Amino acid sequence: MSQSNQTHASLKIGPLLRDHGGVVALIIILAFNILFTPNFLQLQTLFVNISQVATIAIVAMGMTLVIATGGIDLSVGAVMALAGALAPLIFQSQFGVDYPALGIAAAIVVPLLAAAACGLFNGLMVAVLNVQPIIATLILFISGRGIAQVLTNGNLQTFNNKSFSYLGTGQILGLPFQGWLALAIAVVLFLVITHTIFGRYVLAIGGNERAARLSGGPVAQVKIGVYMICAGLSGIAGLIVVAINSASDAARNGNLMELDAIAAAVVGGALLQGGRAPIFGAILGAVIIQLVKYTLLANGVEDEVALIAKAGIILAAVYVQQARKE
Amino acid sequence: MSALLEMTAIQKAFNGVSALSDASIAIERGEVHALIGQNGAGKSTLIKVLTGVYRRDGGTILFNRAESILTSPREAQAAGIATIYQELNLVPLRSVTENVILGYEPKRLGTFINWREAHRRTREILMRFGIDIDVKLPLGSYSTAIQQLVAIARAVSLDARLVIMDEPTSSLDASEVKVLFGVVRGLREAGVSVLYVSHFLDELFEICDRVTTMRDGKTVGCVRLADTTKLDLIAGMLGRNPSEIAQAGMTEFGGGTAKQGEVLLTADDIATGPRLSKFDMKLHRGEIVGLGGLLGAGRTEAARALFGVDALTRGTITLKGEAAPKRPADAIRAGLGFLTEDRKAEGIIPGMSVRENLTLALLPKLTRNGQIDRARERQLVQKYIDALGIKTADMEQPIRELSGGNQQKVLLARWLAIEPDILILDEPTRGVDVGAKREIQAIIRDFVDRGFGVVLISSEFEELVEGADRIVVLNQGRSIAELKNPGITEDKLVQALAHTDEVTA
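Residues numbered from 1 in each chain as written. Chains lettered and ligands numbered in written order. Predicted model: local features only at pLDDT ≥ 70, side-chain atom pairs only at ≥ 80, totals over all residues.

**A short note on the environment of Ala264(A)**
All names here are of chain A.
Phase 1 of the analysis: Position of Ala264 among the secondary structure elements: in helix H12 (residues 257-267).
Phase 2 of the analysis: For the pair Ala264 and Ile289, spaced 25 residues apart in the sequence, the C-alpha separation amounts to 6.9 Å.
Phase 3 of the analysis: Aside from chain neighbours lying at most four places away, what touches Ala264 is Ile56, Ala60, Ala282, Gly285, Ala286 and Ile289. (Helix = DSSP H or I, 4+ residues; strand = E, 2+ residues; numbered from the N terminus. Contact = placed C-beta atoms within 7 Å.)

As structure tokens, this is what we get:
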């Protein structure tokens, strides 16, 4: 966070890539699109990309917090599916039909509580039972989506609900609601990391857990906290996806999201061993991943190839990180 | 008959820094040979040169009458040198049999492991050591002692002619040590040589034939244990004159001390495990109590117990008249600070700034409604940077970029900042340059003069003798004696260590 530019601002390419690789990559992608992608510089393009990137960005920010403590959360996609499956069940229930306003409120609050409960489970496994994070969150990675599918009998739930759909299709100042939401979350999390004791402990635990504990840091509570925040943000993302589609598909909602989120966090500058929480970096990472996908799609490259490109980005990001460690 | 192993004039340097300058050792066949020395004397380096982990820069090694140029632990094993490390290199989740025969499994049809034969062979090997256990159970289900014996059994089954044991008893209790000693004697009778590295001097007299002493990368002596005393061994390790130590005596035991304030901290007959089995001490206001002892005597364990890191298995700690805290966070609230011995592993958070490292323990007091008061934080950090003379570009510089001495000052400031009543300082001046060392000592003295208490651990006897008002002497996890200043000299402290060794033997 506090990387003040004391190091002499030389214009060498190596250090530039190392410290601002994400920004450089973003500029290159934008330049490429402006030159080669038809109709790139249009409001419509911006709109589409923001509405799609918001969910990745929101989950990636939660993931960044977890990674900052030296953990990882594989269950984010499954938690999205679970939250997404619960919402239509609630506002389409008899209660939701009878009391539309209360129904919508409950359809947002209850799934988020369920998501937070998932986070509590992950956090307890990691912080109290000392299970490896990758194993601990694998449990919900597998079972979370299963529960979502059981809840919906494996059916696609379609709906027509203007109020709920606002989450994914609403606009503020001509731009998608979820984009503003992601931005608001980023500002809040940034302040949490830089200005609160919780944020300081997150970075301390990731930086040296034993030192943090011996200095009185409430290690278990903080770890549980980050898993709950990550799961809660995943829940929000799950609701947005359902709102965009006006349908909840427990089998597909959030599928492979854990990989996108980890990739975005890493591209954004998070270190997998912990100790750094670049919140806006996570957004940058999410934007890069989204733009690469969009660029390839808009230029007629097949979806499968986009996956390979994504792998290339992660490789590059990890390579730059290795160089930074020297 | 020629010696089994002769290492002569071994030299080894790391990046130009000499670790071994003139190290020699000779081990006879069927001999139990002890190797002793202070931390950093070069014992481990010598063993690693022998087993092929390090390549020597100079000197000769004759093993079994042949010039030896071992280049890997695997080759050393094949040549008949087996090492039983402190951290056992076995596989706890696999069965005893698998651990013993690993890499040398009896085969059927050249491919399939013949388990019946493997179990039979393992049982036979273990029975030779008087160990009768179910070899099909996972190794990890047995005690450390049994695991250690299995490691030795494995070594011997591979026709080892020299078994190197590195601190074999450090995690064993008294009865397990007896079993281990029985095995060591069995090895000697079978003509196998043992190189026994230990800092528990009593053990050496019980089990070893000869002892080689190292100091500062050199071999300074090799004598039969029957012809020496503990005092001589300690004097050799520390490079002091034994006759002076003996003359110094321990007569001025009740020497007058500085006036003491109320009692701050009392440890009454506490234990946390085999490495801290019986510890008593009292700390008053305005007093530095030193913990004296050799490596492994239980000093760090005592500090960890006082700070609530390790749970007590016996006894009570009283802090300012109340029950002692059970967790570090509570200890800090109760006015305790603990500067740990291992700055890197338990002290600094390398990626964080000087500011963030300095206020880590103070955070709860700097926070209102979860929000850190950043203005007050900066002001406080600047105050300590100035007061302690911490050399840093500015408070936002990552702590890993500071020198060792300045890192240590930041950590000291971390604890001073909580304004504690008691500071527990474990090797506060280790690895810092002379200038910073004096400054740190002055800070500690100033803290005590303001009416607070310090528990000081230092491997440098000079620091302990000059700094502490009283010294509680530890040996093998027990507090044995107490010395009072004025009147403590280094020689007296050394003699207390030697003397208490005899008392407990």
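**Brief notes about the domain arrangement of chain B**
Phase 1 of the analysis: Under the domain assignment, chain B is made up of domain 1 (5-245), domain 2 (259-335 + 422-505) and domain 3 (348-419).
Phase 2 of the analysis: Between domain 1 of chain B and domain 3 of chain B, the C-alpha centre-to-centre distance is 45 Å. (Domains from an automatic or database assignment.)

**What about the sheet that holds strand S13 (residues 263-271) of chain B?**
Residues and elements named next belong to chain B.
Phase 1 of the analysis: Ordered by their spatial adjacency, four strands build an open sheet running S14-S13-S16-S17, and the pairing between neighbours is antiparallel. Edge positions in the sheet fall to strand S14 (279-284) and strand S17 (322-323), since each has one partner strand and no second.
Phase 2 of the analysis: When S13 meets S14, the two strands line up antiparallel, connected through five bridges. Each bridged residue has a counterpart across the sheet, and for Thr266 the counterpart in S14 is Lys282. (Pairing = 2+ DSSP bridges.)

**Description of unusual backbone geometry**
Residue and element names in this part refer to chain A.
Phase 1 of the analysis: Phi at Asn130 is positive, roughly 55°, even though this residue is not glycine.
Phase 2 of the analysis: With respect to the helices and strands, the residue Asn130 is situated in the loop between helix H5 (100-128) and helix H6 (133-151).
Phase 3 of the analysis: The exposure class assigned to Asn130 is exposed, which follows from the 9 C-beta atoms found within 10 Å.
Phase 4 of the analysis: At Ser246, a residue that is not glycine, the phi angle is positive and equals roughly 50°.
Phase 5 of the analysis: Positionally, Ser246 belongs in the loop between helix H11 (219-245) and strand S4 (247-248). (Buried ≥ 20, exposed ≤ 12 C-beta atoms within 10 Å, placed from the backbone.)

**What to know about the nonpolar core**
Phase 1 of the analysis: In terms of nonpolar packing, the biggest core is built from 248 residues, with Ala57(A), Ala60(A), Leu82(A), Val202(A), Val163(B) and Ile424(B) touching the most fellow members.
Phase 2 of the analysis: Among the elements that make up this core, the one with the highest residue count is H11(A) (16 residues).
Phase 3 of the analysis: Setting aside chain neighbours within four positions, we find Leu82(A) in contact with Ala114(A), Ala115(A), Cys118(A), Gly144(A), Ile147(A) and Ala148(A). (Core = buried A, V, L, I, M, F, W, Y, C linked by C-beta atoms within 7 Å.)

**Points about the sheet that holds strand S18 (residues 336-339) of chain B**
All names here are of chain B.
Phase 1 of the analysis: The six strands are arranged S18-S21-S22-S15-S23-S24 in an open sheet whose pairing can be described as mixed. Two strands lie at the open edges of the sheet, namely S18 and strand S24 (478-484), each paired on one side alone. Across the sheet, the mean angle separating the axes of adjacent strands is 20° when strand polarity is ignored.
Phase 2 of the analysis: Pairing between strand S15 (residues 287-292) and strand S23 (residues 470-475): four bridges, direction parallel. The residue bridging Val289 from the neighbouring strand is Arg470, located in S23.
Phase 3 of the analysis: Sheet contacts for helix H10 (residues 299-306): S15, S18, strand S21 (422-426), strand S22 (453-457) and S23; angle to S22, the most-contacted strand, approximately 150°. (Axes fitted to C-alpha atoms, helices over the stretch in contact; angles between N-to-C directions.)

**Some remarks on the interface of chain B and chain A**
Often, the extent of an interface is quoted as the loss of accessible area on bringing the components together.
Phase 1 of the analysis: Contacts between the two partners involve 27 residues from chain B and, on the opposite side, 21 residues from chain A.
Phase 2 of the analysis: Within the residue set of the side of chain B that touches chain A, elements represented by two or more residues are helix H11 (328-333), helix H12 (343-347), helix H14 (363-366) and strand S20 (371-372) of chain B.
Phase 3 of the analysis: Per-class residue counts for the side of chain B that touches chain A are 16 nonpolar, seven polar and four charged. (Nonpolar A, V, L, I, M, F, W, Y, C, P; charged D, E, K, R; others polar.)

**Quick word on the packing of H5(A) against H11(A)**
All names here are of chain A.
Phase 1 of the analysis: The N-to-C vectors of H5 and H11 enclose an angle of 145°; their axes lie 7 Å apart at closest approach. The element H5 and its partner H11 pack so that their crossing is right-handed.
Phase 2 of the analysis: By residue class, the composition of the contact of H5 with H11 is 20 nonpolar, six polar and one charged. (Left-handed = near helix turned anticlockwise from the far one by under 90°.)

**So, helix H9 (residues 197-207) of chain A**
Along an α-helix, a turn takes 3.6 residues, which lines up residues three or four apart on a common side.
Phase 1 of the analysis: For H9(A), a buried count of 11 out of 11 residues is recorded, marking the element as mostly surrounded by other parts of the structure.
Phase 2 of the analysis: Three or more residues of H9(A) are buried, namely Ile197(A), Phe198(A), Gly199(A), Arg200(A), Tyr201(A), Val202(A), Leu203(A), Ala204(A), Ile205(A), Gly206(A) and Gly207(A).

**Re H6(A)**
Residues and elements named next belong to chain A.
Phase 1 of the analysis: The first and last C-alpha atoms of H6 sit 27 Å apart over 19 residues, in line with the 27 Å expected at 1.5 Å per residue.
Phase 2 of the analysis: The sharpest bend along H6 comes to roughly 25°, located at Ser143.
Phase 3 of the analysis: All of the buried residues in H6 are Pro133, Ala136, Thr137, Leu140, Gly144, Arg145 and Ala148.
Phase 4 of the analysis: Among the structural elements, helix H3 (76-91) and H5 are those in contact with the buried residues of H6.
Phase 5 of the analysis: Positive phi appears at Asn153, one or two residues downstream of H6, with a value of about 55°. (Expected span 1.5 Å × (residues − 1). Bend = angle between axes of the 7 residues up to and from the residue.)

**A few points about the environment of Arg215(B)**
Residues and elements named next belong to chain B.
Phase 1 of the analysis: Looking at the element boundaries, Arg215 is found in strand S11 (residues 210-215).
Phase 2 of the analysis: With 26 residues separating them in the primary sequence, Arg215 and Asn241 have C-alpha atoms 14 Å apart.
Phase 3 of the analysis: Ignoring sequence-local partners within four residues, the contact set of Arg215 consists of Gly37, Gln38, Ala41, Val220, Met237 and Gly239.

**Brief notes about the confidence of the model for chain B**
Residues and elements named next belong to chain B.
Phase 1 of the analysis: On average, residues of chain B carry a pLDDT of 84, and 92% of them reach 70 or more.
Phase 2 of the analysis: No element of chain B has a lower mean pLDDT than helix H9 (residues 242-248), at 57, and none a higher one than helix H13 (residues 354-358), at 95.
Phase 3 of the analysis: Predicted confidence is poor over residues 248-257, with pLDDT under 50, and the contacts of this stretch with residues over four places away or in other chains come to 18 contacts.
Phase 4 of the analysis: Considering only residues more than four positions removed or in separate chains, one finds that residues 501-505, a stretch of pLDDT under 50, has 12 contacts. (pLDDT = per-residue confidence, 0-100.)

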